[in-house]
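# A look at the structure
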There are 2 protein chains.
Amino acid sequence: MSSERLIYLPLGGAGEIGMNAYVYGYGAQDAERLIVVDLGVAFPDMDGTPGVDLILPDIAWLVERKDRIDGIFITHAHEDHVGAVAHTYDQLGAPIYARPFTANIARRKMDEHGHPDDAVRVVAGWPDQVQAGPFKVGFLPMSHSIPESAGLIIDSPEGRVIHSGDFKLDPTPIVGEPFDPDLWADVSKDGVKALICDSTNVFSQHPGRSEVSVGPEIEKLVRGHTAGMVVATTFASNVARVKTLAEAGVAAGRSIVLLGRAMRRMIEAAIETGVLTDFPTVVSPEDAKSIPRENLMLLVTGSQGERRAASAQLANGKYMGLELKEGDLFLFSSKTIPGNEKGVIRIINQLSEKGVDVVDDSSGLYHVSGHANRPDLERLQDIVNPQIVVPMHGEHRHLREHVKLSEGRGRTGVLAVNGMMIDLSGNAPTVAEYIETGRTYLDGAVQIGALDGVVRDRIRMALNGHVLVTLILDEEDEPLGEPWCELMGLAETGRSKAALVDVLEEDLGQFLGRADAKTLRDDDNLTEALRRIVRKSAQDEIGKKPEVTVVISRMH
Amino acid sequence: MSSERLIYLPLGGAGEIGMNAYVYGYGAQDAERLIVVDLGVAFPDMDGTPGVDLILPDIAWLVERKDRIDGIFITHAHEDHVGAVAHTYDQLGAPIYARPFTANIARRKMDEHGHPDDAVRVVAGWPDQVQAGPFKVGFLPMSHSIPESAGLIIDSPEGRVIHSGDFKLDPTPIVGEPFDPDLWADVSKDGVKALICDSTNVFSQHPGRSEVSVGPEIEKLVRGHTAGMVVATTFASNVARVKTLAEAGVAAGRSIVLLGRAMRRMIEAAIETGVLTDFPTVVSPEDAKSIPRENLMLLVTGSQGERRAASAQLANGKYMGLELKEGDLFLFSSKTIPGNEKGVIRIINQLSEKGVDVVDDSSGLYHVSGHANRPDLERLQDIVNPQIVVPMHGEHRHLREHVKLSEGRGRTGVLAVNGMMIDLSGNAPTVAEYIETGRTYLDGAVQIGALDGVVRDRIRMALNGHVLVTLILDEEDEPLGEPWCELMGLAETGRSKAALVDVLEEDLGQFLGRADAKTLRDDDNLTEALRRIVRKSAQDEIGKKPEVTVVISRMH
């Protein structure tokens with residue numbers, strides 16, 4: 001056996017849906033040349049990451065080996081695949097390869113960060129290939145819920161690997177290339193060592209439906225609503241859907257208004273790159289004001305209930321001078337991603353209060369998924385006929401189920417989660433190494449580690465409140481005046497009916513009156529003692545143990 | 001027309017699912033005698049109510065009129081209906097009426113708070129009636145997902161009102177009384193003025209399924225799993241389901257273990273009150289350790305992913321000496337309430353990591369809802385034939401849809417949300433008044449108002465971090481030493497690569513060096529100036545504007 005090896009290492013996306021970042025390497029152990037597939041983000045929430053702006057994969061392992069990276073390949077322009085390219089560019093510096101639409105989106109991100117445009121290189125689809133160190137990488141067109149998604153054909157001296165990217169098997173995707181089974185069969189005919197495969201919908205038992213199937217239903221719905229305004233929201237990146245919605249509006253005699261930055265940006269990118277042609281003319285929100293509302297259709301961002309997006313703003317009140325009212329129709333042409341339910345329901349109820357009729361996806365008529373369902377995964381396996389299947393783009397439950405499915409079809413399935421380096425060389429895959437992985441938070445303008453304790457402290461303050469104790473000691477280490485407390489996020493009064501702040505100051509004062517010189521001399525001991533008193537007194541008074549910060553000032 | 005009137009006033013539950021509290025009154029305006037139907041809680045979350053323990057309805061309106069309250073009637077023992085009785089007892093003091101099982105649960109709550117047992121009065125079902133001021137109230141048995149749920153027949157000089165409580169139309173509910181259409185028709189035959197009706201499932205288009213339908217499926221599943229342990233979770237209060245699960249386990253030769261306080265408590269209450277008979281013998285977790293795992297079935301709390309419940313603990317590691325492993329089966333015999341998805345998915349993934357097979361409700365085989373679906377709501381209307389329908393127990397979208405449904409059937413529908421007092425007297429209902437309502441938080445041991453700012457401050461600290469500034473001024477109002485900063489929940493370094501705390505102290509020091517005597521003399525102005533500097537410097541350094549607390553100490 002050769003001493004060279006072919007490795008696969010997920011740094012994000014394997015054990016979660018989001019934040020995709022996969023590494024392939026080929027070469028002698030610990031000297032492999034590397035390529036990166038996708039560099040995406042995940043989105044924070046109040047539960048686990050309050051105040052955080054974006055979640056990025058921890059790329060420390062890559063940064064240590066940046067001189068070995070020959071390229072970064074982006075399969076498609078969804079945020080969980082491309083969202084981190086600009087944030088990580090300073091650290092990695094490698095050229096970024098993508099098809100035109102994806103590259104357009106990536107370049108916008110690079111521009112915003114002041115990075116050079118030409119770091120993003122536009123590549124054509126298969127049969128073109130990019131030489132990147134020992135790899136030759138080709139972009140094989142694949143249907144998904146965004147234009148120009150691609151699977152990657154990754155050729156190395158150890159054979160051909162196919163990285164599926166996100167996909168569905170759609171013969172009629174409206175925008176972008178249909179899935180071409182013959183093409184996929186052709187690239188697979190000489191043998192595929194491993195298929196690294198999207199697992200999102202492995203629990204969905206029925207074959208996926210084509211994007212084309214929602215058009216007639218949407219048109220029927222929009223035509224049927226003759227009274228007020230029609231508003232529809234979907235994922236801004238689903239250009240095909242936006243087109244379908246717009247065409248339904250036009251067919252019903254309505255002028256189209258695009259609301260929300262992401263919506264306009266995506267349509268702009270799609271038109272610029274020639275992916276989207278003959279999109280209906282749109283009118284500006286300004287011009288829309290002079291059009292009767294029964295002749296208007298708004299296409300808006302915020303299908304996931306995002307607080308600042310157009311949907312939420314319209315549900316709340318006016319947005320860009322437009323306002324919803326009784327008799328209007330609001331369509332969610334989208335599914336709610338688990339975790340976003342509350343935000344979406346909040347909007348639906350606000351719309352209900354305005355008398356707006358809401359149609360969501362519960363009927364199944366107005367949305368189709370962009371991911372391959374179980375029978376589609378099986379079909380792709382049959383076409384590609386890979387020796388090994390390595391599920392990715394899934395939580396643990398998805399990966400495990402996808403491995404079972406693969407093994408049930410007589411293939412080798414590998415359950416590789418983030419940080420698990422798989423040696424794909426030779427006849428049987430093995431775990432080569434476990435790499436420490438994790439998450440980095442973009443917090444305001446800086447990146448912080450998930451384990452730095454910053455977010456943990458925020459959560460603690462949110463759960464427990466925060467008490468600040470200040471104490472001044474004179475030259476003899478005697479308290480100068482009384483200790484002082486400030487409370488934030490705590491009840492004002494407790495069991496004794498006295499103000500909590502007074503009770504705490506009283507208890508601290510009593511302690512200090514009794515404290516000996518030794519205690520008063522030692523900052524650490526004194527701080528700890530004061531903290532303990534505050535926590536105990538607060539527990540007695542209000543039944544909570546707050547976070548406590550003690551500031552001791554000494555007059556010498 | 002008489003000067004007496006019949007009013008209905010929801011204080012909680014109309015505009016949300018949870019925290020039910022409805023008031024009925026009869027008498028001269030502003031002198032009505034009152035009864036309260038249900039006093040429930042809602043559950044907090046990190047998004048909107050971090051650190052809060054329970055959410056209670058704001059009963060200020062009732063407290064001001066406590067001498068006019070003739071009774072509190074609890075329809076059933078779910079937390080969103082009975083959860084607040086003990087927390088509000090000191091403020092209201094009125095007798096609480098409930099059927100035996102509900103009363104048993106209510107008394108346990110009263111005991112925990114040191115309230116007298118006999119404040120909860122056990123009443124029999126219809127045709128018994130309780131005289132409460134001008135009202136006669138009867139408990140009409142109704143099927144739901146907990147034993148002894150009841151609709152209330154509320155008779156007043158203005159006629160009969162029926163308050164449905166939570167219900168489904170189940171002819172075979174396993175535990176408790178089936179829905180009896182003849183009984184409901186009989187109580188309605190002389191005319192029903194208004195039906196105040198559960199709206200939870202108004203968007204579910206198919207007739208509801210009976211509790212009995214899940215038994216055979218559960219038994220098939222449990223029998224089919226012959227390898228390791230079987231674990232099932234459901235709502236602890238769904239005594240019928242717990243019984244079905246236990247019987248399926250016994251039929252498959254397994255010993256039953258109940259895990260989780262709520263699970264044991266509910267079964268205990270159901271046996272004590274005679275509601276549940278012939279429940280299989282259970283073994284203790286201690287004894288279970290010596291039984292082979294293929295002969296064990298655990299029935300556990302935590303179907304909603306609650307962090308401290310048995311499900312979460314088992315998914316995490318050992319619980320009560322029991323541990324799950326590869327080959328075990330875990331059944332969610334429950335649906336996930338919107339908002340709880342992340343917690344449930346976390347558990348499923350942890351179980352997946354252990355190699356445990358998880359079966360959830362996606363097949364629809366192992367759970368049925370406890371609420372009436374749309375056709376069931378229609379059927380009940382047909383039976384009761386009320387003049388007016390007032391939807392309750394729903395978010396705004398549910399209430400609105402339920403009003404539409406009622407109006408579509410030729411009835412008067414009234415959309416009454418929390419705080420909207422409806423005058424049901426005479427021939428057409430009218431809005432009598434708008435009452436200020438809201439929520440109260442149980443926070444540790446104390447109740448705080450939702451608008452007190454306490455929780456708002458917690459959320460701000462969680463989103464923005466917290467900076468504490470301490471400054472000492474001498475007798476001449478000159479700074480004594482440098483200002484001091486402490487950070488919590490903030491990145492340590494920012495753009496300048498220097499420690500953020502140093503940058504802030506430096507900027508504050510510079511400001512103080514330039515500040516004139518007037519600025520230094522005025523605490524408010526000085527505090528505001530220091531806060532502004534911290535926020536601006538932090539924004540420049542780390543791109544975030546933290547919460548700032550300033551403590552100024554003066555040496556005079």
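Residues numbered from 1 in each chain as written. Chains lettered and ligands numbered in written order. Predicted model: local features only at pLDDT ≥ 70, side-chain atom pairs only at ≥ 80, totals over all residues. Heavy atoms only, no water.

## So, the overall build of chain A
A count of helical and extended segments in chain A gives 17 helices and 28 strands. By principal-axis analysis of the C-alpha atoms, chain A measures approximately 85 × 75 × 45 Å. Looking at chain A as a whole, 60% of its 556 residues are labelled buried. Sequence-distant contacts, at least 24 apart, represent 71% of the contacts inside chain A between residues at least 6 apart. Roughly 21300 Å² of accessible area belongs to chain A as shown, and the carbon and sulfur atoms make up 47% of that amount. Put simply, chain A has 57 plus and 82 minus side-chain charges, and the middle of one group is 4 Å from the middle of the other. (Helix = DSSP H or I, 4+ residues; strand = E, 2+ residues; numbered from the N terminus. Buried < 20%, exposed > 50% of the residue type's maximum accessible area, 1.4 Å probe, protein only. Contact = heavy atoms within 4.5 Å. Areas by Shrake-Rupley, 256 points an atom, 1.4 Å probe, with all protein chains shown as cover. Lys, Arg positive; Asp, Glu negative; His and termini not counted. Charge placed at Lys NZ, Arg CZ, Asp CG, Glu CD.)

## Describing the pattern of salt bridges
All names here are of chain A. Here the structure, examined in full by the defined rule, presents 75 salt bridges over all chains. Here Lys189 makes a salt bridge to Asp186, at a shortest N to O gap of 3.3 Å. Residue classification places Asp186 among the partly exposed positions, given a relative accessible area of 41%. Across the pair Arg554 and Asp477 runs a salt bridge whose closest N-O atoms are separated by 2.7 Å. Placement of Arg554 in strand 28 (residues 547-554) and of Asp477 in the loop between strand 26 (466-473) and strand 27 (484-488) is noted, with a sequence separation of 77 residues between them. Here Arg554 falls in the buried class, since its relative accessible area comes to 19%. By relative accessible area, which is 14% here, Asp477 ends up buried. Through salt bridges with shared partners, a single network forms among Glu378, Asp382, Arg409 and Arg411. (Salt bridge = Lys/Arg side-chain N within 4 Å of Asp/Glu carboxyl O.)

## Re the environment of Ile218 of chain B
Residue and element names in this part refer to chain B. With respect to the secondary-structure elements, Ile218 resides in helix 6 (residues 214-224). With relative accessibility at 0%, the residue Ile218 sits in the buried group. Spatially, the C-alpha atom of Ile218 lies 6.1 Å from that of Tyr366, the residues being 148 residues apart in sequence. Aside from chain neighbours lying at most four places away, what touches Ile218 is Arg241, Thr244, Leu245, Ala248, Leu331, Ser333 and Tyr366.

## Digging into the domain arrangement of chain A
Domains assigned within chain A are domain 1 (4-206 + 369-449), domain 2 (211-362) and domain 3 (465-554). Between domain 2 of chain A and domain 3 of chain A, the C-alpha centre-to-centre distance is 55 Å. (Domains from an automatic or database assignment.)

## Quick notes on helix 6 (residues 214-224) of chain A
Because an α-helix packs 3.6 residues into every turn, residues spaced three or four apart end up facing the same way. All names here are of chain A. Along helix 6, the residues that are buried comprise Val214, Gly215, Ile218, Leu221 and Val222. The arc enclosing the buried residues of helix 6, seen along the axis, measures out at 135 degrees, which places them on a common side. Exposed positions of helix 6 whose direction lies more than 90 degrees from the buried face are Pro216, Lys220 and Gly224. For helix 6, the elements touching its buried residues are strand 14 (230-233), helix 7 (239-251), strand 16 (296-300), strand 17 (329-332) and strand 18 (357-359). (Arc of directions from axis to C-beta.)

## Overview of unusual backbone geometry
Omega for the peptide link from Trp126 of chain A to Pro127 of chain A comes to 20 degrees, which places this bond in the cis form. The topology assignment puts Pro127 of chain A in the loop between strand 8 (120-122) and strand 9 (130-132). A positive phi angle, near 70 degrees, is found at Asp38 of chain A, a position not held by glycine. Take Asp38 of chain A: it is sitting in the loop between strand 4 (33-37) and strand 5 (54-57). Of the residues examined, Asp38 of chain A reaches a relative accessible area of 0% and is grouped as buried. For Glu148 of chain B, which is not a glycine, the phi torsion comes out positive at approximately 60 degrees. Along the chain, Glu148 of chain B turns up in the loop between strand 10 (135-141) and strand 11 (150-156). Judged by its relative accessible area of 12%, Glu148 of chain B falls in the buried class.

## Some thoughts on the sheet that holds strand 28 of chain A
Residue and element names in this part refer to chain A. Across the sheet, which stays open at both edges, the three strands sit in the order 27-26-28 with mixed pairing between neighbours. The strands lining the two open edges of the sheet, one partner per strand, are strand 27 and strand 28. Adjacent strand axes in the sheet meet at a mean angle of 15 degrees when their direction is disregarded. Pairing of strand 26 with strand 27, which is carried by five bridges, proceeds in the antiparallel orientation. In the sheet register, Thr470 faces strand 27, and the bridge partner there is Trp484. Sheet contacts for helix 15 (residues 500-514): strand 26 and strand 27; angle to strand 27, the most-contacted strand, approximately 145 degrees. (Pairing = 2+ DSSP bridges. Axes fitted to C-alpha atoms, helices over the stretch in contact; angles between N-to-C directions.)

## Remarks on the relation of the copies chain B and chain A
When chain B is brought onto chain A, the operation consists of a screw motion whose angular component is 180 degrees and whose axial shift is 0.1 Å, with 0.1 Å RMSD remaining. One copy is carried onto the other by what is essentially a two-fold rotation axis. Minimal C-alpha distance to the rotation axis in chain B is attained by Ala462 of chain B, lying at 2.7 Å. (Least-squares fit on C-alpha atoms with pLDDT ≥ 70 in both.)

## Section: the sheet that holds strand 19 (residues 386-392) of chain B
All names here are of chain B. Taking strand neighbours across the sheet as the criterion, the seven strands line up as 9-10-11-12-13-19-21 in an open arrangement whose pairing is mixed. The open sheet has two edge strands, strand 9 (130-132) and strand 21 (412-413), and neither has a second partner. Lying over the sheet, helix 5 (residues 181-188) contacts strand 10, strand 11, strand 12 (159-163) and strand 13 (192-198), oriented at roughly 160 degrees with respect to strand 10. Against the sheet, helix 13 (residues 396-408) engages strand 13, strand 19 and strand 21, with an angle of about 165 degrees to strand 19.

## Examining the packing of helix 3 (residues 85-92) of chain A against helix 4 (residues 100-112) of chain A
Two quantities define a packed helix pair, namely the angle between the axes and the distance from one axis to the other. All names here are of chain A. At their nearest, the axes of helix 3 and helix 4 sit 8 Å apart, and the two run at 65 degrees to each other. Taken together, the axes of helix 3 and helix 4 lie roughly perpendicular to each other. You can see that helix 3 and helix 4 cross each other, and the crossing is right-handed. Contact residues: Val85, Ala86 and Tyr89 in helix 3; Ala106, Lys109 and Met110 in helix 4. Broken down by class, the residue content of the contact of helix 3 with helix 4 amounts to five nonpolar, no polar and one charged. (Parallel < 35°, antiparallel > 145°, perpendicular 65-115°, else oblique. Left-handed = near helix turned anticlockwise from the far one by under 90°. Nonpolar A, V, L, I, M, F, W, Y, C, P; charged D, E, K, R; others polar.)

## Quick look at helix 15 of chain A
Between the first and last C-alpha of helix 15 of chain A there are 22 Å, a value that for 15 residues agrees with the 21 Å anticipated at 1.5 Å per step. Close packing links the buried residues of helix 15 of chain A with strand 26, strand 27, helix 16 (517-521) and helix 17 (523-542) of chain A. (Expected span 1.5 Å × (residues − 1).)

## Some points on the side chain of His78 of chain B
Residues and elements named next belong to chain B. Mapping His78 onto the fold places it in the loop between strand 6 (69-73) and helix 2 (79-82). What makes His78 buried here is its relative accessible area of 15%. Here the side chain of His78 touches His144 through a polar contact of 3.2 Å, side chain to side chain. Contacts of His78, omitting those with residues within four sequence positions, involve Gly83, His144, Ser145, Ile146 and Ser237. (Polar contact = N/O pair within 3.5 Å; in protein donor to acceptor, adjacent residues only side chain to side chain.)

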